[in-house]
Amino acid sequence: MPGPDVRALQGPRADRIRSRIDEIDALLARDTRVEKAPVWRGGERVGTTERALPLLPSERALHMARRRRLRESLDALAPPELRRDFLAMLPGYAEQHGFDREIMLAVGVPARDLDEAGIAD
């Protein structure tokens, strides 16, 4: 059973944050937003339809900023002792398994943690 420090990263709050991050990632990957538009027949509204429109640069930037804030809030769930221990073991673990910076960034290790652990490009 994980210790209390690790449970902070596995609880319902962390799951909700990860889910929101995944939603933003999917939206950014699609690069579209859904807009609802009324459907008219004979001058009368008969329903609503959805259409996909490309994300505007400003919308993309807003979603990227929101993702960063969510990621930071997820990182903040980790108690300082757990983060310290993680940073101490990270360089050896990465070397043992052949993980470079690109791989670790791809799986969600924050760049600031890699910088602090001394793992460069």
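Please read these numbers as outputs of a predicted model, since none were measured by experiment.

**A word on the nonpolar core**
Next up, step 1: Membership of the largest hydrophobic core is limited to 10 residues, which are A14, I17, I21, I24, L27, L28, L55, L70, L74 and L77.
Next up, step 2: Of all the elements in the fold, those that place two or more residues in this core are α2 (12–30) and α3 (57–76).
Next up, step 3: In terms of residue count, the dominant contributor to this core is α2 (6 residues).
Next up, step 4: Counting 8 residues, the second largest nonpolar core, distinct from the first, contains L87, A94, V109 and A117.

**Here's the deal with the side chain of D113**
Next up, step 1: Mapping D113 onto the fold places it in helix α6 (residues 111–116).
Next up, step 2: In this structure D113 touches R83, F86 and L87, once residues within four positions along its chain are discounted.

**Some points on the pairing of strand β2 (residues 44–54)**
Next up, step 1: Note: strand β1 (residues 32–41) against β2, 10 bridges, orientation antiparallel. In the sheet register, V34 faces β2, and the bridge partner there is A52.
Next up, step 2: Following β1, the chain reverses through 2 residues before pairing antiparallel with β2; G42 in that reversal takes a positive phi of roughly 60°.

About the cut-offs
Residues numbered from 1 in each chain as written. Predicted model: local features only at pLDDT ≥ 70, side-chain atom pairs only at ≥ 80, totals over all residues. Heavy atoms only, no water. Core = buried A, V, L, I, M, F, W, Y, C linked by side-chain atoms within 4.5 Å. Buried < 20%, exposed > 50% of the residue type's maximum accessible area, 1.4 Å probe, protein only. Helix = DSSP H or I, 4+ residues; strand = E, 2+ residues; numbered from the N terminus. Contact = heavy atoms within 4.5 Å. Pairing = 2+ DSSP bridges.

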